[in-house]
Amino acid sequence: KIRTLTGITTSGTPHLGNYVGAIRPAIEASKDENVRSYYFLADYHALIKCWDPERVHQSTREIAATWLALGLDTDKTIFYRQSDIPEIPELTWMLNCVCAKGLMNRAHAYKASVDANVANGADPDFEVTMGLFSYPVLMAADILMFNANKVPVGRDQIQHIEMARDIAGRFNHIYNKKLFTLPEAVVADANDGSAVLQGLDGRKMSKSYDNTIPLFLTEKQLKKHINKILTNLLEPGEPKDPDTSAVFQIWKAFATPEQTEEMRREFENGIAWGEAKKRLFELVNTEIAPARERYNEIMNDPAYLEAELQKGAEKARAEAAPFLDKIRKAAGIKCFK
Ligand code: ATP
């Protein structure tokens, strides 16, 4: 059986990129009877980049409400908050003890920070925390804890899945037991509208860049945000290149193939940016509007949210606790009973 796992870092308000790249396909996949799906709020991951407790807390609420408002079936799936599963940090430590430091030296996020420091003439490890350095191990624990075998990721995350495989294989080898399943990355095809969405400033749309279009805005705010998408100075009537435009890219992620072709022609015929953005607002709003009210209701009902998360935590721990027992025993920890 396919076991799939998706986490969203609770470091800000969920945005169109999270929706298109992770939440929408995950909810779709969870309807397949042959798939066992694990969805989690990655709050320990949030601490790597975000030291604002109020933001982490608020984000956790918003991301949880987003999944539920969009119709995630929490009876058929396992939906939990990472920090409710103490087995995960414990497994992280055990994996840290077999993970070569050299493997982490090669991780993209760490290397990018070092490169930026060097370029600025700073100490290479300036502001690099152990969290940033070793978070691929926490990610490996997230995956291996539930023996997820197919992990949907963006291109930038493939390396982390390979690291998780590496660590799992090493653990299995050292303790001479087939404890962990080796996970595989499933990369969405960039041609199916699931490419990495650009943010308002042209960089990747990301909670930590504060350049996002949040998913559940009021109509007025959504319109305002879409109007802020960076465009070039081409006038109405001048042909525009759809393939370098964030407006077109977001359009493509929400449109049918026919609508995409039509908009491509409009770009080539020189549609005005104002008009293209107006149509984009209408398209996005049509898809999002039905869940908006439900989202606002759930945001105002923390008891319901907490109950859903506790239900998920119970299911997740029913698997994680006995599995961790097995892992501990294999390593000679707590094995008297
Ligand atoms: P952070 O900056 O806190 O890391 P993020 O918004 O970049 O946040 P994550 O929470 O790390 O995103 O990622 C959650 C999921 O959303 C992942 O599956 C990721 O691939 C997807 N995702 C994030 N940003 C985008 C984007 N701009 N376009 C498409 N998918 C995205």
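Residues numbered from 1 in each chain as written. Predicted model: local features only at pLDDT ≥ 70, side-chain atom pairs only at ≥ 80, totals over all residues.

Per an unreviewed UniProt entry, the protein chain is named Tryptophan--tRNA ligase, and its organism is Parendozoicomonas callyspongiae. We quote the UniProt Subunit (unreviewed entry) comment for the protein chain here in full: "Homodimer." Entered under Sequence similarities (unreviewed entry) in the UniProt record, the comment concerning the protein chain runs "Belongs to the class-I aminoacyl-tRNA synthetase family." (UniProt positions renumbered as here; feature names shortened; annotations may be inferred.)

Q: So what's going on with the site of the ligand? Which residues, and what values?
A: The full set close to the ligand counts 17 residues, and G17, G21, A22, G154 and S208 are the nearest of them. Counting residues per element, the shell around the ligand draws most heavily on helix α1 (residues 16-29), at five residues. (Near = placed C-beta within 6 Å. Helix = DSSP H or I, 4+ residues; strand = E, 2+ residues; numbered from the N terminus.)

Q: Pulling in residues and values, what's your account of the domain arrangement of the protein chain?
A: In terms of domains, the protein chain is made up of domain 1 (2-196 + 302-331) and domain 2 (216-297). Here domain 1 and domain 2 have C-alpha centroids that lie 31 Å from each other. Taken residue by residue, the interface counts eight residues in domain 1 and eight residues in domain 2. Mapped by element, the contributors of at least two residues to the side of domain 1 that touches domain 2 are α1 and α3 (53-69). The biggest single contributor to the side of domain 1 that touches domain 2 is α3, with three residues. Per-class residue counts for the side of domain 1 that touches domain 2 are six nonpolar, two polar and no charged. (Domains from an automatic or database assignment. Contact = placed C-beta atoms within 7 Å. Nonpolar A, V, L, I, M, F, W, Y, C, P; charged D, E, K, R; others polar.)

Q: I'd love a proper account of unusual backbone geometry, names of residues and values included.
A: Located in the positive-phi region is E127, a residue other than glycine, with phi close to 60 degrees. With respect to the secondary-structure elements, E127 resides in the loop between α6 (108-119) and α7 (130-144). Judged by C-beta crowding, with 10 C-beta atoms within 10 Å, E127 ranks as exposed. Positive phi, close to 50 degrees, is recorded for N147, a residue that is not glycine. For N147, the location among the structural elements is in the loop between α7 and β4 (150-153). Given 18 C-beta atoms within 10 Å, N147 falls into the partly exposed group. (Buried ≥ 20, exposed ≤ 12 C-beta atoms within 10 Å, placed from the backbone.)

Q: Explain the UniProt feature "short sequence motif: 'HIGH' region" (unreviewed entry) in the protein chain to me, and be specific about the residues and the numbers.
A: Under the UniProt annotation, the feature "short sequence motif: 'HIGH' region" (unreviewed entry) is placed at residues 10-18. From the first C-alpha to the last, residues 10-18 spans 11 Å; its make-up is 33% helix and 0% strand.

Q: Tell me about the nonpolar core, and name the residues and values.
A: In terms of nonpolar packing, the biggest core is built from 80 residues, with A140, A141, L144 and I250 touching the most fellow members. Per-domain counts for this core show at least three residues from each of domain 1 (2-196 + 302-331) and domain 2 (216-297). Not counting the four nearest positions on each side in its chain, I250 is found in contact with L16, L197 and L280. (Core = buried A, V, L, I, M, F, W, Y, C linked by C-beta atoms within 7 Å.)

Q: Talk me through helix α13 (residues 302-331); I want residue IDs and the actual numbers.
A: With 30 residues, α13 extends 40 Å between its outermost C-alpha atoms, agreeing within 8% with the 44 Å of an ideal straight helix rising 1.5 Å per residue. E308, L309, G312, A313, A316, A320, L324 and I327 are the residues of α13 that are buried. At its buried positions, α13 is contacted by α3, β3 (78-81) and α4 (87-96). Trailing α13 by a residue or two, G332 shows a phi angle of about 85 degrees, which is positive. (Expected span 1.5 Å × (residues − 1).)

Q: Mind laying out the confidence of the model for the protein chain, listing which residues take part and the relevant values?
A: If pLDDT is low for a region, its predicted coordinates should not be looked at in detail. Within the protein chain, residue pLDDT values average 94, and 97% of them lie at 70 or more. Both scores are available for the predicted complex, with the pTM at 0.94 and the ipTM at 0.96. (pLDDT = per-residue confidence, 0-100.)

Q: Explain the pairing of β4 residue by residue, including any values.
A: In this structure, β4 lies alongside strand β5 (residues 184-187), joined through four bridges in parallel fashion. When the bridges of β5 are listed, K150 appears paired with E184. Traced from β4 through helix α8 (residues 158-174) to β5, the parallel crossover comes out right-handed. (Pairing = 2+ DSSP bridges. Right-handed = clockwise from strand over helix to strand, strands pointing away.)

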